[in-house]
Amino acid sequence: MATLSERPDAYLYVAEPGGRRLHLEHTKARPAADPTRMAPGPLMQTLEGGAEWSVPTPPFEVALGPADHHPRVVTSPVGRLYSFPVVDAAGELTGLVQAGPALGDDLPAAVARSYAERADEISLVLAVTRREEELRSRLASATAQVEAGRRLAGSAVDVERLVALLLDLGLSSTRSDAGFVAISGEGRDGLTVRAASGMPDGFAATVDLSPDSGLFDWSAADGGALFLRDVEAADAIGIRSLLAVPLLTEDGQPLGVFALVNFGTGEPLDEQSLDLLEAFAEQIRLMLNNARLFGTFADRYLTTVEGLARALDARRPESVGHHDLVSDVAAAIAREAGLDEEEVDAARVAGLVHDVGLAASSDGGWEFDVEHPSVGASLIGHLPLHPGVAGAVAAHHEWFDGWGFPQGSRGEDIPLVGRVLATAEFLVEMATPDAVRPGRPAARLTDELRQRRGSQFDPRMADAAVRLLDQDALALPAAPLTGRET
Amino acid sequence: MEHQLTETDGVRVLAVHGRIDVSSAMTLRDLLGAQIDSPAARVLVDLSDVALIDSSGIGILVTAHRRAFGQGANFAIAAPAAAVARVFAMTRTNKLLAIYDSVEVGVAAMRRG
């Protein structure tokens, strides 16, 4: 044991999921001025200007080869090292320990024994390290989700929560028993209760708020005048008094209704209560108005971005309709993979705009090209869309094994809808003929998906796409059954 | 809710006392329904002693106004207290109703009409 632990330099490499590469996780090395270090060679002196020389550094990442499964001597930029595999309880190689300097080309039996005596301990430490890394990754993912939720909360969800808060404040300040806020639809087809407090069970779902026969008479033709039409209905649920005020836009368009209700236990409304009612009604009115304006802006903005994406498609004959195709295929894969309907719609929307970041590229050069997912995501990241949309646009060139761009994210660090979109765009690209090659037929696409399953694509998405191809259920460009392929 | 019915120069004046809310709205509806009984009816509701009105009370008044208009009768409101006038404004029903500052002004206007 002393033989190994006497090595002054040691490096711990950890295998990534999938096990094709190892990353340097921990280093224990002699300081630069240590007299036992080897002298710098002439090349190193030249590079460093001849005055000083740097501590040689080990590679931060190494490819895993078959020989790494056995103890051996390896040559590294830091010199010759003894290399030992770290194996977990299931027999999987999880890392490498490299210690040195090695004294020769052969691994001494005493050093091998020394490592073997500590192998279990090292494996356990590495397992803990990997678990911590996984937890950190999950925490980062959860943090990202919370952030995405906050973004979403800037739109509809937040409005509902704030309206409910204002309603509660209004009730407590006026000492009313109950109340509700009903919001009108864009088409003015009636009111829907969006926040209620103290009202009877089922009130929101059962109350009739239709403009022609419901609880209220409320007509824009009457200047937005609002009053109770159905006194019997109010009486039937025990209401003693109800004061509802209309919430209107600046130009008199109906937004909703704010109502205070008493069942006989609260304080009767008085003039001071009217001040409070008016103040809270104005706050709610402003919030609904702003939400409606922002929603309209967001819809129009997204339509513009979609139009920009289609204009990009039109620059080349072979790419006409590309975004629409990717959108359809992404939605189909998402649904087949079992994503919920909101995520399916996010995949659809992301497909419509996924390459819009290319619009910022004047010359289509590679340097900018690799950033187009980030640029595209930044164009829509502020919109009140499902967070999966911007996340997918940002991640549609990431690979499941971490070899994609621009972030090099891997596995479940890649947003779920992004993994869908990556698969969809690949299929559309492969199936679309261009100037130099025909579109690939379904059988070829299936082969490609199977080969890239787990490396480029999330296996779940690749499998879903294969099932859809088998069923001929994807709206891909018509491809010849046989033909020249490059 | 209490009330008194008088007639001045052919105008029936219904003076209402107290609060008008769901618990009293149906009583008010019956009272007004009985008075708006012909195209010749002229009905003025005196709200000077009404402390507060809610959406149900306003609904009864607007319905009475529409019913009178449909029959060719005349219906109006007089002397709402500040809080009541404010509720009419907040609910935007002040534009739907004929509202006079006082009973005297209302009677004079309706007598001429």
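Residues numbered from 1 in each chain as written. Chains lettered and ligands numbered in written order. Predicted model: local features only at pLDDT ≥ 70, side-chain atom pairs only at ≥ 80, totals over all residues.

Enquirer: Let's hear about the overall build of chain B: which residues, and what values?
Expert: Per the secondary structure count, chain B includes four helices and five strands. Looking at chain B as a whole, 47% of its 113 residues are labelled buried. Considering only contacts within chain B whose residues lie at least 6 apart along the sequence, 71% involve residues at least 24 apart. (Helix = DSSP H or I, 4+ residues; strand = E, 2+ residues; numbered from the N terminus. Buried ≥ 20, exposed ≤ 12 C-beta atoms within 10 Å, placed from the backbone. Contact = placed C-beta atoms within 7 Å.)

Enquirer: Report on the pairing of strand S4 (residues 72-76) of chain A, specifying residues and quantitative values.
Expert: All names here are of chain A. Of the strand pairs in this sheet, S4 and strand S5 (residues 79-87) are connected by five bridges, and their pairing is antiparallel. Paired with Val-73 across the bridge in S5 is Tyr-82. Joining the antiparallel neighbours S4 and S5 is a turn of two residues. (Pairing = 2+ DSSP bridges.)

Enquirer: Give me the lowdown on the interface of chain B and chain A, citing residues and values where you can.
Expert: Contacts between the two partners involve 22 residues from chain B and, on the opposite side, 26 residues from chain A. Elements with a contribution of two residues or more to the side of chain B that touches chain A: helix H1 (22-35), helix H2 (55-71) and helix H3 (82-90) of chain B. In terms of residues, the side of chain B that touches chain A owes the most to one element, H2(B), which gives five residues. A per-class count over the side of chain B that touches chain A returns 10 nonpolar, six polar and six charged. (Nonpolar A, V, L, I, M, F, W, Y, C, P; charged D, E, K, R; others polar.)

Enquirer: Let's hear about helix H8 (residues 322-336) of chain A: which residues, and what values?
Expert: The terminal C-alpha atoms of H8(A) lie 21 Å apart, and with 15 residues this matches the ideal 21 Å at 1.5 Å per residue to within 8%. Counting buried residues in H8(A) gives 13 out of 15 residues, a clear majority hidden from the surface. (Expected span 1.5 Å × (residues − 1).)

Enquirer: Quick rundown of the sheet that holds strand S1 (residues 9-15) of chain A? Include the residues and the values.
Expert: Residue and element names in this part refer to chain A. Pairing within the open sheet is antiparallel, and its six strands lie in the order S3-S2-S1-S6-S5-S4. Where the open sheet ends on each side, the last strands, each with one partner, are strand S3 (61-63) and S4. Each strand of the sheet is rotated relative to its neighbour by a mean of 35°, with strand direction disregarded. (Axes fitted to C-alpha atoms, helices over the stretch in contact; angles between N-to-C directions.)

Enquirer: Describe the packing of H1(B) against H2(B), with residues and values.
Expert: Residue and element names in this part refer to chain B. Remark: H1 packs on H2, axes separated minimally by 8 Å, with the N-to-C direction vectors making an angle of 15°. Classified by the interaxial angle, the pair formed by H1 and H2 is roughly parallel. Here H1 and H2 pass one another in a crossing that is right-handed. Facing H1, whose interface residues are Val-22, Ala-25, Leu-28, Arg-29 and Leu-32, H2 presents Ser-56, Gly-57, Ile-60 and Ala-64. (Parallel < 35°, antiparallel > 145°, perpendicular 65-115°, else oblique. Left-handed = near helix turned anticlockwise from the far one by under 90°.)

Enquirer: Give a detailed account of the pairing of S5(A), specifying residues and quantitative values.
Expert: Residues and elements named next belong to chain A. With six bridges joining them, S5 and strand S6 (residues 93-100) adopt antiparallel strand pairing. Each bridged residue has a counterpart across the sheet, and for Phe-84 the counterpart in S6 is Val-97. Here S5 folds back onto S6 in antiparallel fashion, the turn holding five residues, of which Gly-91 has a positive phi close to 90°.

Enquirer: Help me get a handle on the environment of Ser48(B), residues and values and all.
Expert: All names here are of chain B. In this structure, Ser-48 sits in strand S3 (residues 42-53). On a C-alpha basis, the gap between Ser-48 and Pro-80 in space is 5.1 Å, while along the polypeptide they are 32 residues apart. With residues up to four places along the chain from it excluded, the contact list for Ser-48 reads Ala-79 and Ala-81.

Enquirer: Residue-level account of the confidence of the model for chain B, with values.
Expert: Residues and elements named next belong to chain B. Here chain B averages 94 in pLDDT, while 99% of its residues score no lower than 70. Ranking the elements of chain B by mean pLDDT puts helix H4 (residues 103-112) last with 91 and strand S4 (residues 74-78) first with 97. Prediction confidence for the complex, expressed as pTM and ipTM, is 0.53 and 0.92 respectively. (pLDDT = per-residue confidence, 0-100.)

Enquirer: Explain the nonpolar core to me, and be specific about the residues and the numbers.
Expert: Ranked by internal contacts, the top residues of the largest apolar core, which has 78 residues, are Phe258(A) and Leu44(B). Other than its neighbours up to four places away in sequence, Phe258(A) contacts Val181(A), Ala244(A), Val245(A), Leu247(A), Phe280(A), Ala281(A) and Ile284(A). Of all hydrophobic cores here, the second largest spans 56 residues; its members include Ala309(A), Ala334(A), Ala337(A) and Ala346(A). (Core = buried A, V, L, I, M, F, W, Y, C linked by C-beta atoms within 7 Å.)

Enquirer: Which residues make up the packing of H8(A) against helix H9 (residues 341-353) of chain A, and what are the values?
Expert: All names here are of chain A. Look at H8 against H9: their axes get within 7 Å of each other, and the N-to-C directions meet at 160°. Considering their axes alone, H8 and H9 lie roughly antiparallel with respect to each other. Where H8 crosses over H9, the two elements pack in a sense that is right-handed. Mapping the contact onto sequence places His-323, Val-326, Ser-327, Ala-330, Ala-331, Ala-334 and Arg-335 in H8 and Glu-343, Val-344, Ala-347, Arg-348, Ala-350, Gly-351, Leu-352 and Val-353 in H9. Of the residues in the contact of H8 with H9, the class split is nine nonpolar, three polar and three charged.

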